[in-house]
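Commentary on secondary and tertiary structure
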Amino acid sequence: MGAPARLADEYTGRAGEVLARLQDLYPKLIDLSLDRMCVLLERLGHPERALPPVIHVAGTNGKGSTCAVLRAIAEAAGWRVHVMTSPHLVSVTERFRVGGTLVTEEALVAALEEVVRVNDGAPITVFEVLTAAGFLLFAREPADLAIIEVGLGGRLDATNVVTPVSCAIASISLDHQAFLGDTLAAIAAEKAGIMKPGVPVVAAAQAPEVEAVLRETATRVGAPLWRFGDSVRVEAGPDGLTYRDPKGMLVLPLPGLAGPHQVRNAALAVAALRASGLGVPDHAWAGVARAEWPARMQRLRGALAARLPEGWELWLDGGHNPGAGEALAEMLREWRDRPLHLVIGMKQSKDASGFLDPLLDLADTIQAVAETGQHLAAPVEEILAAARGRAVAGPVVEAALDRLRQDGGAPGRVLICGSLYLAGVVLARDGVTPE
């Protein structure tokens, strides 16, 4: 995969210093395997076996949002909840919520140092160390539920050592082909690798080739499968959702997260909890409306938004692959009441054309940016080529916003999108710290 970027590009603070030490020990940022993780966890005394009930979440798009809704429902039930997600936006501490509260840097550093000490110089990746540290943190604090998001793929992901009470598989599309395969079926096989014998699995609506892989894997493994459009159905109305699954019907509030795709993610979270058998009290389903998840169609109101003319809106989304482009387009088609301006920054190696194609005809203007502080930012020229003459160079977010202010015109909406790493830069500059 070539020489990796320095970890300092992605991790900062004392935790970043600990993680940066690992680069000389094992310079690959991504190396999918469970062997190293199993050895490390044995040396740590198997903290993954001391977790509260786990819901394991995989997929290409919507994993994080599904985790956010799971957490919101569980906390509405009065439960203490651990959550492990990735990547982070501003601080690595965002990846771990212990009993409902973001881990402190002091506690995370202590867990990381313990993992590094026990690992004793053996080859290990940063994600494996982070995952092991998360298991330590979660095993040592009582909780009622642990929500664990897959990092990459599923079958060989470092998180795939848990035995969950249910699994959720969000929408699967092309992404990370260098590691997961270059067809939807191959990627689906990797994601389906989280299935366990006897553990119920709920799966979002998928492309036919993905559906086939999920059905075959569930049958072979012996995992009960709830599929959207079959076992699970959801309909959105102006005032709420009508949800049905093998256990019956629920009337739910509209999701707190914006966009038609978030209806599907919310329903996936509800299905995962219903399939788990954990006994969610009726009043807790109201948590669907309380979910929050940074950089997923998030309205910004800080320093960057202040650069726009009065009456304009600034939004942020971290979507960055073809499936995310389709989901964004679905929402943007509802935004035709005012001009739409896109500011696009992407990560190297991502499919810029695949992401942009659904969006090109929906935007009044498009500007390409490549922030120097963005981890592995794609060059502006690459984004311009993918936009097929429809975009101009920003070349950075502030310049793009200033151009829109200078050009004037009717009050519009500006959407910054294309990369979670860019989203982290934008949140920091707008004065937002994810909580």
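For the structure itself, consult the block above.
A few points on the structure. (Residues numbered from 1 in each chain as written. Predicted model: local features only at pLDDT ≥ 70, side-chain atom pairs only at ≥ 80, totals over all residues. Heavy atoms only, no water.)

A few words on unusual backbone geometry. Outside of glycine, negative phi angles account for most residues, and trans bonds account for most peptide bonds. Looking along the chain, the bond that leaves S86 and enters P87 is cis, with omega of -5°. Locating P87 in the fold gives a position in the loop between β2 (81-84) and β3 (96-98). With an omega of -10°, the peptide bond running from G394 to P395 counts as cis. If you trace the backbone, P395 turns up in the loop between β16 (392-393) and α14 (397-407). With phi around 55°, H46 is a residue other than glycine that occupies positive phi space. Structurally, the position occupied by H46 is in the loop between α3 (35-43) and β1 (54-58). Notably, D120 is not glycine yet its phi reads approximately 55°, a positive angle. (Helix = DSSP H or I, 4+ residues; strand = E, 2+ residues; numbered from the N terminus.)

Let's shift gears to the pairing of strand β11 (residues 248-252). Summarising the sheet, strand β10 (residues 241-245) and β11 pair through 5 bridges and their orientation is antiparallel. Residue pairing in the sheet places D245 in a bridge with G248 of β11. Hairpin geometry of β10 and β11 is characterised by an intervening segment of 2 residues between the two adjacent antiparallel strands. (Pairing = 2+ DSSP bridges.)

Turning our attention to the sheet that holds β11. In space, the 3 strands of this open sheet follow the order β9-β10-β11, with antiparallel pairing throughout. The two strands at the open ends of the sheet, each matched to only one other strand, are β9 (233-236) and β11. Averaged over all pairs of adjacent strands, the angle between strand axes in this sheet comes to 15°, irrespective of strand direction. Both β9 and β10 contribute to a ladder of 4 bridges, which runs antiparallel. (Axes fitted to C-alpha atoms, helices over the stretch in contact; angles between N-to-C directions.)

Turning to the state of the cysteines, a few remarks are in order. This structure, assessed with the given rule, holds 0 disulfides. Distance from the sulfur of C38, which forms no disulfide, to the nearest cysteine sulfur (C167) is 16 Å. When its relative accessible area of 38% is taken as the criterion, C38 is described as partly exposed. Free of any disulfide, C167 has its nearest neighbouring cysteine sulfur in C67, separated by 12 Å. Since its relative accessible area comes to 0%, C167 is described here as buried. (Disulfide = S-S within 2.5 Å. Buried < 20%, exposed > 50% of the residue type's maximum accessible area, 1.4 Å probe, protein only.)

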